[in-house]
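The chain contents come next:
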Amino acid sequence: MSSSFAPSIGRLSRRGISHNERFYEEHEFERRVRKRRARLIGATEEAFTHIKRLQDEQGTGVPLDCLEAAAAVFPSLARPLQKYLRVTRQLPWHTAESVLNHLAMALRLGLSPRAFLEKFLSSPAPIHTNREGKICSWALVSDISVSRTIALNTNFLLRNGEVSLFVTVSPLPHFNVTEQIVDPKNNKFTLRLSSETSV
């Protein structure tokens, strides 16, 4: 469990409560996160089922571009996403506009609902970028000089106030990347609505 996801832990340690109370408080928090996550995944999968990419300009509805299709299905997943982001304390970092743009990009590239949600479901960074653009000072703590020669499996600590990051140096993986261009003409969508659709 990430420290940023546990609002009650700090409060619990200050009150000096028993380990049983701490256990049940943490368990209840984890249960709420799992419940919100499951609802978000279900709502997103439901929203993605209502979007169909047009093939060769065929379809019964009015063709929509990526942003229009994203705007059409966004309301059906906005509330579960907002609740999930609130409980995991990520809400300040994701505006409605940024989520809508991310959804449009996911539709344009043909991502699955889970791939779209990965940005929100993965653990956030312990330190977010500073919105004011100020420079953050970090102290490098190590028993050897790592500023000159850094090698595989070198360990050191980066410290900024109360935040400490333990770093292990490892090699970057090598990827063989090929380019596949998406034809902009194929970025047209229709909504498949039925009488039970809540979109």
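Remember, it's a predicted structure, so these values are computed and weren't measured experimentally. (Residues numbered from 1 in each chain as written. Predicted model: local features only at pLDDT ≥ 70, side-chain atom pairs only at ≥ 80, totals over all residues. Heavy atoms only, no water.)

Trainee: Help me understand the nonpolar core, please; the structure alone is not making it clear to me.
Mentor: Note on soluble globular proteins: their nonpolar side chains tend to be buried together. Ranked by size, the top nonpolar core spans 28 residues in total, and within it L103, L107, F116, L117 and F120 carry the most contacts. Looking at this core, the elements with two or more residues in it are helix 2 (19-49), helix 3 (66-87), helix 4 (96-109) and helix 5 (113-121). Element by element, the count of residues in this core is highest for helix 3, at 10 residues. Non-local contacts of F116, meaning those with residues more than four positions away in its chain, are made with T44, F48, L77, V99, H102, L103 and A106. (Core = buried A, V, L, I, M, F, W, Y, C linked by side-chain atoms within 4.5 Å. Buried < 20%, exposed > 50% of the residue type's maximum accessible area, 1.4 Å probe, protein only. Helix = DSSP H or I, 4+ residues; strand = E, 2+ residues; numbered from the N terminus. Contact = heavy atoms within 4.5 Å.)

Trainee: Looking at this structure, I do not really get the packing of helix 4 against helix 5. What am I missing?
Mentor: The axes of two packed helices give the description: the angle between them and the distance between them. Here helix 4 crosses helix 5 at 150 degrees, and the two axes come no closer than 9 Å. With respect to their mutual orientation, helix 4 and helix 5 come out roughly antiparallel. Read as a crossing pair, helix 4 and helix 5 show a hand that is right-handed. Taking contact as the criterion, the partners of V99, H102, L103 and A106 in helix 4 are, on helix 5, F116, K119 and F120. (Axes fitted to C-alpha atoms, helices over the stretch in contact; angles between N-to-C directions. Parallel < 35°, antiparallel > 145°, perpendicular 65-115°, else oblique. Left-handed = near helix turned anticlockwise from the far one by under 90°.)

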